[in-house]
Amino acid sequence: MSIDRVTSGATAIRGRPGLKLPLAVRFGMRELRGGLRGFYVFLACIALGTATIAAVNSLAYGLSDGIAAEGQSLLGGDVSFSFIHREANPDEERFLRDRGAVSVAATLRAMARMPDGNQTLVELKGVDGAYPLYGELRVSGDEPAQALLSAAGPRTPALVEATFLETTGLAVGDPFTLGRLEATVAGVVEREPDKLSGGIAFGPRVMISTDALSASGLVGTGSLVRWRYRLAGPDGPMADQALANLVADAKEAFPSAGWRIETRTEAAPGLRRSIDQFAQFLTLVGLTSLAVGGVGVANAVRAYLAGKRRAIAMFRSLGASRRTVTLLYFFQIIVLALIGVGIGLLLGAIAPPVAGVFLADLLPVSALFAIFPQALILAALYGVATAIAFAIWPLGSAYFVRPTALFRGDTDAPEKGSRWPFVVATAVAGGLLAALAIFAAYDRWLAFMYVLGAGAIFLLLRIVAVGIVAGARALPRSRRTVIRLAVANIHRRGALTPTVTLSLGLSLTLIVTLALIDANLRQTLTSRLPDAAPSFFFIDIQDREKPAFLQTLAKAAPDADVQSQPMLRGRIVAINGTSSDEWPETEASWVLRGDRGVTYAQDPPENGTVVAGAWWSSEVKRNEVSFAAELAEELGVGIGDTIRVNVLGREVEATISNLRTVEWESLSINFVMIFSPNVFAGAPHAHLATLTYADGEDTEAKELAVLGEVSGKFPTVTAVRVKDALETVNGVVSDLALAIRAAASVTLFASILVLAGTLAASHRSRIYDAVILKTLGARRRTLILAYGLEYALLGLCAAIFGLIAGSAAAYVVAVQLMELSFVFVPAVALGAVVIAVGVTVGLGLIGTWRALGEEPARVLRSI
């Protein structure tokens, strides 16, 4: 700011003391006319964090609204009644058909066999002529889907996904076999309206008619098939009250039907939970980005005000009060924050439509092409609150500038005076930001823990910075100039140590955390599991086929271990007389949602150990059940408690007589509940079998041979190759990990931006130091080595903190939240640290090289 401009306002400053705030606004606007130089990092940090939160919440609102808007299509009707193992009996089906239009569909896993002998696991779906009640089953070509499914011919027509053709090498018109059914590819499915209600698919979709499914031989006693009966109102969509009445009437008329009832308002509950959880994670990523950006805000404000000390001193010498000067620059910060928030809101607002283009074939995105004011307002509050919370403290430097600074070159002179007003204001602003983060979160407890953790890391990094300065000051004075300069730069007045330690420490903590979580997730799924996992799961083995099937396995794989177990599906409907819907929510509540595999056995399983209670005797009289110990503890149940389960439409109650360990990670046959044999005496059911080769054995050729032998003799038995299933799961996990890394990259970019801004903010003092040292005879090489060593030492100290804090954070997330075993992966963690330290030294030396290029005479004349 020029002397003329300051002088022109001196009279106004002195003559109208009652209008200080308008004057502060007026002078603040005049200074902003000079441009935004020095505030680009400020704007970028606020914009990035705001954009992340705006985009995440807009996507969450949009997808939730999309699910609500397309609930009928996603569910397949206004209401859905689903059975496991069985079809609706005549009374149940009559009840449903009397209340509206009904469409029936059945889903199961089956093996599709090609003419060349190859085969693949598919997700088979049988549909009737009324399917779909809502939405559109779209296939390639001009022929309607139902016309293709009902076409007459020597082979059964089947509609398939494009991935089925890619996997098998077939084309439209080519034949293949499903169970005992000769089928042909009649068309390619482009859109299946209710696909999201089916969960993770382990194979491509193949769709046939329900009549053809009955003729395939794949549906037998106890087969693992789910029948869904979807209803639509007789005269159009059902009203909400009509839906509620229908559900109530169904429960009253058939209290033990064992059907799972879902309405259009509850369509895709798993997808809703996933969206909420992912939105929670991404919101935390956005908050982290804002927190890291807040450091950039503080650094930018501090650097900007350091360059304005002479202008502030002019104001003070002309009669401006400290309050006026502080309000002037506070106003500027608010204006700049609003600009950054505006940029972030614009980016966040366009994110849902852009995402909708890419997700159109995967998710209900009809509502994404809209603006979500509530999400944008929340993001704006976060952005402004962050800017204020992190700017108040450095604003104190403007408050304490003395008029004497106009006549002295004390640009780094320490401020004197009581800073309690700024301490209180910073605490209040920080508290409001924390409260906003907690009360606006999906999971407030998680947000509370996040706020505590973030506060702890900030405090620890401040302590680390103080320790680094104290340690550098305590070091003996080196005789080597480079080392002496580097160490002195770390502890001298106005050193970069606090800001670089904070910026780099936060970045490294985040990098190490993400790297270790990703490494542990991948190691759990791809390294440890296959060594202990079976080669195959065989499902839907009928009682009459079991002896011959086991004999076939024994001949085809004499060196493999074969285990078999009775297999039923049941749903827990009550615990100790309390409905499962009313049971308190815990981490194990997934056990109470949907159907679980159940079995019965006379003897305890070999892969489990009874840790409480006792196994039943051979003369057991009452209904008893063995429950997984870890899940029982989380649910709050124990020995003597009762569990009521609905199996095949019949409710049975059993008493928990023992708890046992379950090695889920082994992928062997494991069940949450094992019942005493008398519970299901005479109940129709199928069997499950596993085939496991010795650890470390190369089984590729053997597995393919077994698969060919079994499928040829037992076409209705479904073989799930564990290796293929794991690859499917790994693909899902990889996609999730990619999405997480993409989201976290916003924070990493903000961290690098803040670090670059921190080093850039020191450019002015670096020029001054370099010029003085060069005038005194220092060589360019000496200065480069000294500054490089300084940055390397700071980077190393921050790296040690980041390594420790990041490993601890990764352990908590992996063990407590994701329930994985944690293994420290040195190569991953150290690699992240080396890269980050290299970036720090590189950015620092780039700024140093520019500083060394300044002409001493010009700089000295300006002092």
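Our structure's up above, just so we're on the same page.
Residues numbered from 1 in each chain as written. Predicted model: local features only at pLDDT ≥ 70, side-chain atom pairs only at ≥ 80, totals over all residues. Heavy atoms only, no water.

Draft legend 1. The packing of helix α15 (residues 420–439) against helix α16 (residues 444–474), seen in detail. Orientation of α15 relative to α16, taken along the N-to-C sense of each, is 150 degrees, at an axis distance of 8 Å. Taken as axis vectors, α15 and α16 run roughly antiparallel relative to one another. Here Ala434, Ala437, Ile438 and Phe439 of α15 lie close against α16, whose contacting residues are Arg444, Ala447, Phe448 and Val451. Across the contact of α15 with α16, the residue classes break down as seven nonpolar, no polar and one charged. (Axes fitted to C-alpha atoms, helices over the stretch in contact; angles between N-to-C directions. Helix = DSSP H or I, 4+ residues; strand = E, 2+ residues; numbered from the N terminus. Parallel < 35°, antiparallel > 145°, perpendicular 65-115°, else oblique. Contact = heavy atoms within 4.5 Å. Nonpolar A, V, L, I, M, F, W, Y, C, P; charged D, E, K, R; others polar.)

Draft legend 2. Focus on the pairing of strand β6 (residues 175–178). Looking at chain direction, strand β2 (residues 101–113) and β6 are connected through two bridges and run antiparallel. Residue pairing across strands places Ala112 opposite Leu178, the latter belonging to β6. In the sheet, β6 pairs with strand β7 (residues 181–191) via four bridges, with the strands oriented antiparallel. Following the sheet pairing, Pro175 is matched in β7 by Thr184. The antiparallel hairpin formed by β6 and β7 contains two residues in its connecting segment, where Gly179 sits at a positive phi of about 60 degrees. (Pairing = 2+ DSSP bridges.)

Draft legend 3. Molecular detail of the pattern of salt bridges. Inspection of the entire model under this criterion finds 13 salt bridges. For Arg94, the salt bridge goes to Asp91, with nearest N and O atoms at 2.9 Å. In this pair, Arg94 and Asp91 both sit in helix α6 (residues 90–97), three residues apart, roughly one turn of the helix. For Arg97, the salt bridge identified is with Glu93, shortest N-O distance 3.0 Å. Here Arg97 and its partner Glu93 are both found in helix α6, four residues apart, which amounts to about one turn of the helix. (Salt bridge = Lys/Arg side-chain N within 4 Å of Asp/Glu carboxyl O.)

Draft legend 4. Region of the structure containing the environment of Arg650. Here Arg650 lies in strand β18 (residues 650–660). Sequence separation between Arg650 and Gly570 is 80 residues; the distance between their C-alpha atoms is 9.5 Å. If sequence neighbours within four positions are ignored, Arg650 has contacts with Ser256, Val645 and Val679.

Draft legend 5. Quick peek at the pairing of strand β9 (residues 226–232). Along β9, seven of the seven residues are buried, which leaves the element largely enclosed by surrounding structure. Because side chains alternate across β9, one face comprises the buried residues Arg226, Arg228, Arg230 and Ala232, and the other comprises Trp227, Tyr229 and Leu231, equally buried. Sheet topology places strand β1 (residues 79–84) next to β9; six bridges connect them, and they run antiparallel. Within the sheet, the bridge partner assigned to Ile84 lies in β9 and is Arg226. Bridge count between β2 and β9: seven bridges; the pairing is antiparallel. Residue pairing for β9: Ala105 is matched across the bridge by Arg228. (Buried < 20%, exposed > 50% of the residue type's maximum accessible area, 1.4 Å probe, protein only.)

Draft legend 6. Region of the structure containing the side chain of Asn658. Among the secondary structure elements, Asn658 is positioned in strand β18. Here the side chain of Asn658 touches Ser626 through a polar contact of 2.6 Å, side chain to side chain. (Polar contact = N/O pair within 3.5 Å; in protein donor to acceptor, adjacent residues only side chain to side chain.)

Draft legend 7. Quick look at the packing of helix α14 (residues 373–399) against α15. At their nearest, the axes of α14 and α15 sit 9 Å apart, and the two run at 165 degrees to each other. Taken as axis vectors, α14 and α15 run roughly antiparallel relative to one another. When the axes of α14 and α15 are compared, the crossing they make is left-handed. Counted by class, the contact of α14 with α15 contains 18 nonpolar, four polar and no charged residues. (Left-handed = near helix turned anticlockwise from the far one by under 90°.)

Draft legend 8. Representation of the packing of aromatic side chains. Tallied over the full model, the rule gives 12 aromatic pairs. Aromatic pair Phe95 and Phe254: ring centres 5.5 Å apart, planes at 80 degrees, arrangement edge-to-face. Placement of Phe95 in helix α6 and of Phe254 in the loop between α10 (240–253) and β10 (260–263) is noted, with a sequence separation of 159 residues between them. For the residue pair Phe95 and Phe254, the accessibility class agrees, reading buried in each case. Look at Phe254 and Trp259: their rings are 5.5 Å apart centre to centre, the planes differ by 75 degrees, and that puts the pair in the edge-to-face class. Put simply, the rings of Phe81, Phe83, Phe95, Tyr229, Phe254 and Trp259 touch in pairs and so form one group of aromatic residues. (Phe/Tyr/Trp six-rings, centres within 6.5 Å; stacked < 30°, edge-to-face > 60°.)

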